[in-house]
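Chain by chain, the residues run as shown.
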Amino acid sequence: MSAHRAPIRRFSKMILVYILALLATAFFAFPIFWMITASLKSDQSITTYPPVWVFAPTLQNYVKLVEELGIMKMFINSAVIVGLSTCLAMVCGTLAAYALARFDIRNKQLIAFEVLSIRMLPPIVSVVPMFILARWLGVFDTYWLLIAAYALSGLPFVVWVMRVFIQDIPQSIEEAALIDGCSRLEAFWRVMLPLLLPGLAATMVIVFMFAWNEFLLASMLTSNAAKTLPVIAANTLNAKSIAWGMASAAGVIMSLPVVVLVLLMQRYLVRGLTLGAVKG
Amino acid sequence: MTDSISTAKVGGDKAQRAGERRAGLLLLTPAFVLMNVVGFFPMVYSLYISLTDYNPSHGGIARFVGLGNYAKAFFDLQYWHALGLTFVFVTLSVTSSLILAVLLSLLFNMRYPGFFLLRTIILIPMLITPIAVGIVWRVMMMPDLGVLNYILTVIGLQPQLWTSSSSTALLSIVLVDIWQWTPFMFLIVFAGISSLPKSPFEAAAIDGAGAIRVFFSITLPLLRPVIVIATLLRIVDAFRTYDAAFIMTRGGPDFATDLVSVYLQRVNFRVFDLGYGSALSWITLVILTVIILIFTKLSGFTRIISEKEGR
Amino acid sequence: MGIQIRNVQKRFGAVTVVNGVSVDIADGEFFVMLGESGCGKTTTLRMVAGLELPTSGSIHINGKDVTFAEPRHRDIAMAFQDYGLYPNMTVFENIAFPLKIRKVPQADRRRKVEETAGRLGIADYLSRKPFQLSGGQRQRVSLARALVRNPKVFLMDEPLSNLDAKLRAVMRTEIKKLVSDLGITTIYVTHDQIEAMSMADRIAVMRRGDMVQVGSPLEIYDRPLTRFVADFMGSPPMNLFPASLKTPGRPTCQIQEFVDSIPDDEQALIAGRLDSTGQFSAGIRPEHLKLVQPGSAGSARAVVDFVEPLGQTTNVYLTAGETRFIAVTDRCNRQVGDVVGVYAPPEFVRVIAN
């Protein structure tokens, strides 16, 4: 009897699991779907009720973003600022991570936790002194200010994640290189670096993501010349008539690079996001 | 005794050469400069500002007022209201997304065909720029034209006012926060679940433990370190939530979503009361630090980290 | 020529890991440093390699002072416990790496790599990556990488300890043969006394940062200076009996019969090996004890506690009064509870410092 029923029970359990999984996915996917379709709708069809599901897609929102708001400039701003700050954080952070992983330094643990404390610092707290100092130094609304700020906020990720990646490479590999005739620098360059590349790329994507998506500092520390994408996207809602289509299009443009990059580098995502504490 | 100490030492830092103590410090220098010049120096400066009445819109002359700003903050009901709201927001959002994440992890741990794809799709919300998240949810939550109310009507429920009513506004931005950050928790908890050892579960099966029993006495305790880490990171980030709230409500209606960061932004950049704003910032920072310390103490976070360090 | 280690000391903070070690290693010698983990053997090796710097003392390799030289300027090769292979390179690239760094022309490189790989029997795996190899093959690759540039000195840090017992025995003979054919001066670190015995020209037994005894394998086996060395070498280890010298020329021992007729030259050693309380140990290897009729001349009475037949030999666990010890005999049919006489041939009884 029960032997007869078992497959049926297993089958209905599977159906149930699939339904739950699809419902969950739908909950998380629907707003994204809605954003993409809204960006392809004309302003009239966005504000029709009940909502239209079938419509003639148009790129006019994207065209308007480029032509009326000059979004290309913000895109370049974002790319330059985020790109340079990511590189800066990667270089400073990886050097520090190497030192913390391989050298005998006094108060190592303390230094590591000092770096970690930056991760805890809310930007709304640091933005005021940065604002005052930036005006005073004349770097307000320049690339440099945001580059420095984003490099700083990326630093704890790089230091902690890269430290774990470096510790994961057996010391003996590096020592073998020293014995085989490399200097310390050559050993790092020729042996360690190739092994660290996946980790570096994964960390870089995460630092990039947080800087690319950052809004608070960007909106307070720029006024015009160094505006980034999130700021201009927020501004589309500031206008007297709210341009939903353009706002959605800006949302798509902003989110696309991060989504693509992160999904490509999914393998080390967990490790990166937890600053090396959890293995993915 | 001495033997074991010396082995530990040898195992740890093997690669020391003449002058390399200096090399180590040299490698730390760029990070150190960045940290202090961009990080700690402005914070110390902000401590100084908080003792003045600096306000650039009043001519920008800073008069020293001692602890005046802090005294003023003590009686600033608006600030304490914002702080209270933030507590409610963080608690609701973090707890719900944690529970959701654990449930999702259990569900997706069944590993049926196609689940990898669904899991990847579920990740996407955390990658979307928070400003864009605010925009799309604001579109969807429009009370008369929004798709959410349409869906509610279709399935026979009452349409809601969402962010337009002070009674549902906070819950609405909590919902958005859950939507965006449950994937983050899910990703980490799922990684934890997938790397659990098999043997305790096999032992439990042999002992005849039921599914719920297994979950509470094996799965959850084993997942604890992972959950603690994910929760800590989430608390830190939820506390600073600004972008979506700024886009969706600006603290309204009737200050129902006036989170600390929104309130601080208003004090600092609408009124430009920077001296007072700095004092509030410092109070907030101290409170956040205390919360984190309490959490790390209660959850054994430090022990988890030092176990990892010691491996 | 060879390697001279002079008064080398290494401290990590307050902990002294190597405590003034001095030893001369001859050209072409196979020198083994033996000891438990944390005894300072690996640190000593790493100082010779230049991966660690001595706190004081000096190291000369082939007449050159290399105490503070970088590893690459020492003309040494090294094999690591975990092999230290470059995981992203193929076997060929791994072996060729030291040549590449030294800018050996490509054609020469290929020839040398193939030659060395052939000698170590890994010529078929040259295009594989390390993770596709078994432990034994990986160790061969690491040996090939070390040997490919004809180093003067070869340092090995427990190279066999990650292999299973059978493979370990094979590799032992292979390594020994390889380096003695090539005539390379070798320092080999291990905690395995069988490895040390079977491979070494000379063994240094280390303990707590000191070289307790340096000598040929048989010297160390036959004439251990201290209890530690006696206990460390041989399996089952040497039987050690507390003894003292109250009246000159008449040592007393727990089992008095064993020390009654110690030869004169061994007797003469006692004075030098007494500890501060006038105690020493009388030692005898289990295989030298003879089981005889109870009560026969010069024998001690003992009861059989436990019998462990090993096929060729038998371990017999014995108790005499309060004292427990082991005898290794040929195959025998002693039973638990048997009363036997135990005879220790005087020429095999050793005077050992505590």
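Criteria and thresholds
- Residues numbered from 1 in each chain as written.
- Chains lettered and ligands numbered in written order.
- Predicted model: local features only at pLDDT ≥ 70, side-chain atom pairs only at ≥ 80, totals over all residues.
- Heavy atoms only, no water.
- Helix = DSSP H or I, 4+ residues; strand = E, 2+ residues; numbered from the N terminus.
- Buried < 20%, exposed > 50% of the residue type's maximum accessible area, 1.4 Å probe, protein only.
- Contact = heavy atoms within 4.5 Å.
- Areas by Shrake-Rupley, 256 points an atom, 1.4 Å probe, with all protein chains shown as cover.
- Lys, Arg positive; Asp, Glu negative; His and termini not counted.
- Charge placed at Lys NZ, Arg CZ, Asp CG, Glu CD.
- Pairing = 2+ DSSP bridges.
- Axes fitted to C-alpha atoms, helices over the stretch in contact; angles between N-to-C directions.
- Domains from an automatic or database assignment.
- Buried area = accessible area lost by both parts, 1.4 Å probe.
- Salt bridge = Lys/Arg side-chain N within 4 Å of Asp/Glu carboxyl O.
- Polar contact = N/O pair within 3.5 Å; in protein donor to acceptor, adjacent residues only side chain to side chain.
- Disulfide = S-S within 2.5 Å.
- Phe/Tyr/Trp six-rings, centres within 6.5 Å; stacked < 30°, edge-to-face > 60°.
- Core = buried A, V, L, I, M, F, W, Y, C linked by side-chain atoms within 4.5 Å.
- Expected span 1.5 Å × (residues − 1).
- Parallel < 35°, antiparallel > 145°, perpendicular 65-115°, else oblique.
- Left-handed = near helix turned anticlockwise from the far one by under 90°.
- Nonpolar A, V, L, I, M, F, W, Y, C, P; charged D, E, K, R; others polar.

Quick word on the overall build of chain B
Argument step 1. What chain B contains, in helices and strands, is 14 helices and 0 strands.
Argument step 2. When the elements of chain B are put in sequence order from the N terminus, they spell out α-α-α-α-α-α-α-α-α-α-α-α-α-α.
Argument step 3. Along the longest, intermediate and shortest principal axes, the C-alpha atoms of chain B span 75 × 70 × 30 Å.
Argument step 4. For chain B, with 311 residues in total, the buried portion stands at 54%.
Argument step 5. Pairs at least 24 residues apart make up 68% of the contacts formed inside chain B by residues separated by at least 6 positions.
Argument step 6. For chain B, the exposed area adds up to about 14,000 Å²; of that, 70% sits on carbon and sulfur atoms.
Argument step 7. With 22 positive and 16 negative side-chain charges, chain B shows a spacing of 5 Å between the two charge centroids.

Description of the sheet that holds strand β10 (residues 210-215) of chain C
Residue and element names in this part refer to chain C.
Argument step 1. Overall, mixed pairing links the 6 strands, which are arranged β6-β7-β8-β3-β9-β10 in an open sheet. Sheet topology places β6 (76-79) and β10 at the edges, where each strand pairs with a single neighbour. The average undirected angle you get between the axes of adjacent strands in this sheet is 20°.
Argument step 2. The pairing of strand β3 (residues 30-34) with strand β9 (residues 202-207) spans 4 bridges and is classified as parallel. The partner of V32 across the bridge, within β9, is I203.

Re the pairing of strand β15 (residues 300-309) of chain C
Residues and elements named next belong to chain C.
Argument step 1. Where β15 lies against strand β18 (residues 339-343), 4 bridges are found, and the strand directions are antiparallel. Of the residues in β18, the one forming a bridge with V303 is V339.
Argument step 2. Pairing geometry for β15 and strand β16 (residues 313-320), over 6 bridges, is antiparallel. Within the sheet, the bridge partner assigned to P309 lies in β16 and is T314.
Argument step 3. Hairpin remark: β15 followed by β16, antiparallel, with 3 residues in the connecting loop; positive phi at G311, about 100°.

Quick word on the environment of V133(B)
Residues and elements named next belong to chain B.
Argument step 1. Along the chain, V133 falls in helix α6 (residues 130-140).
Argument step 2. Expressed as a C-alpha distance, the spacing of V133 and F216, which sit 83 residues apart in the sequence, is 35 Å.
Argument step 3. Excluding its chain neighbours within four sequence positions, the residues that come into contact with V133 are I128, V176, W179 and Q180.

Let's talk about the domain arrangement of chain A
All names here are of chain A.
Argument step 1. Here chain A is partitioned into domain 1 (2-58) and domain 2 (61-273).
Argument step 2. Each of domain 1 and domain 2 was reduced to a C-alpha centroid, and the two centroids are 34 Å apart.
Argument step 3. Interface of domain 1 and domain 2: buried area, both sides summed, is about 660 Å²; carbon and sulfur atoms make up 59% of it.
Argument step 4. Taken as a group, M35, S39 and D43 account for 61% of the area that domain 1 buries against domain 2, more than any other trio of residues on that side.
Argument step 5. On inspection of domain 1 and its partner domain 2, the count reaches 0 salt bridges.
Argument step 6. Counting every contact that joins domain 1 to domain 2 gives 3 residue pairs in polar contact (both at pLDDT 80 or more).
Argument step 7. For the side of domain 1 that touches domain 2, the secondary-structure elements that each account for two or more residues are α1 (2-40) and α2 (43-46).

Some remarks on the state of the cysteines
All names here are of chain A.
Argument step 1. Scanning all chains against the criterion turns up 0 disulfides over all chains.
Argument step 2. Of all cysteine sulfurs in the structure, the one in C92 sits closest to C87, which takes part in no disulfide; the separation is 11 Å.
Argument step 3. Relative accessible area serves as the criterion here: at 38%, C87 is assigned to the partly exposed category.
Argument step 4. With relative accessibility at 8%, the residue C92 sits in the buried group.

Quick word on the packing of aromatic side chains
All names here are of chain B.
Argument step 1. Under the definition given, this model contains 42 aromatic pairs over all chains.
Argument step 2. On the basis of an interplanar angle of 75° and a centroid distance of 5.1 Å, the ring pair of Y79 and W80 is categorised as edge-to-face.
Argument step 3. Judged by relative accessible area, Y79 falls into the buried class, the value being 0%.
Argument step 4. Judged by relative accessible area, which is 34%, W80 ranks as partly exposed.

With respect to the nonpolar core
Argument step 1. Formed by 249 residues in total, the largest nonpolar core has its most connected members in F108(B), W137(B), L155(C) and I187(C).
Argument step 2. Setting aside anything within four residues of it in sequence, one finds L155(C) in contact with L45(C), V48(C), A49(C), I76(C), A77(C), M78(C), A79(C) and I187(C).
Argument step 3. Grouped together as the second largest cluster of nonpolar side chains are 46 residues, L133(C), V148(C), V205(C) and M233(C) included.

Examining helix α5 (residues 108-120) of chain A
Argument step 1. Under the 1.5 Å per step criterion, the end-to-end length of α5(A) is 19 Å for 13 residues, consistent within 8% with the ideal 18 Å.
Argument step 2. What α5(A) keeps buried is the set K108(A), A112(A), V115(A), L116(A), I118(A), R119(A) and M120(A).

Here's the deal with the side chain of E174(A)
Argument step 1. You can see E174(A) is positioned in helix α8 (residues 171-179).
Argument step 2. Excluding anything up to four places from it in sequence, E174(A) contacts Y98(A), R102(A), R184(A), A187(A) and M192(A).

Thoughts on the packing of helix α6 (residues 123-137) of chain A against helix α12 (residues 260-269) of chain B
Argument step 1. Between α6(A) and α12(B), the least distance of the axes is 10 Å, while the angle of their chain directions is 15°. Taken together, α6(A) and α12(B) sit at an angle that is classed as roughly parallel. Along this stretch, α6(A) crosses α12(B), giving a crossing that reads as right-handed. Touching I124(A), V127(A), V128(A) and F131(A) of α6(A) are S261(B), L264(B), Q265(B), N268(B) and F269(B), all from α12(B).
Argument step 2. Taken together, the residues of the contact of α6(A) with α12(B) break down into 6 nonpolar, 3 polar and no charged.

Some words on the interface of chain A and chain B
For an interface, size is often stated in terms of accessible area lost upon the parts coming together.
Argument step 1. Listed by partner, the interface residues are 99 residues for chain A and 101 residues for chain B.
Argument step 2. Looking only at chain A, the three residues that lose the most surface to chain B are F28(A), Y49(A) and D104(A), adding up to 8% of its buried area.
Argument step 3. The interface formed by chain A and chain B holds 1 salt bridge in total.
Argument step 4. Among the ionic pairs, D237(B) bridges to R119(A), the shortest N-O distance being 2.9 Å.
Argument step 5. The interface formed by chain A and chain B holds 9 residue pairs in polar contact (both at pLDDT 80 or more) in total.

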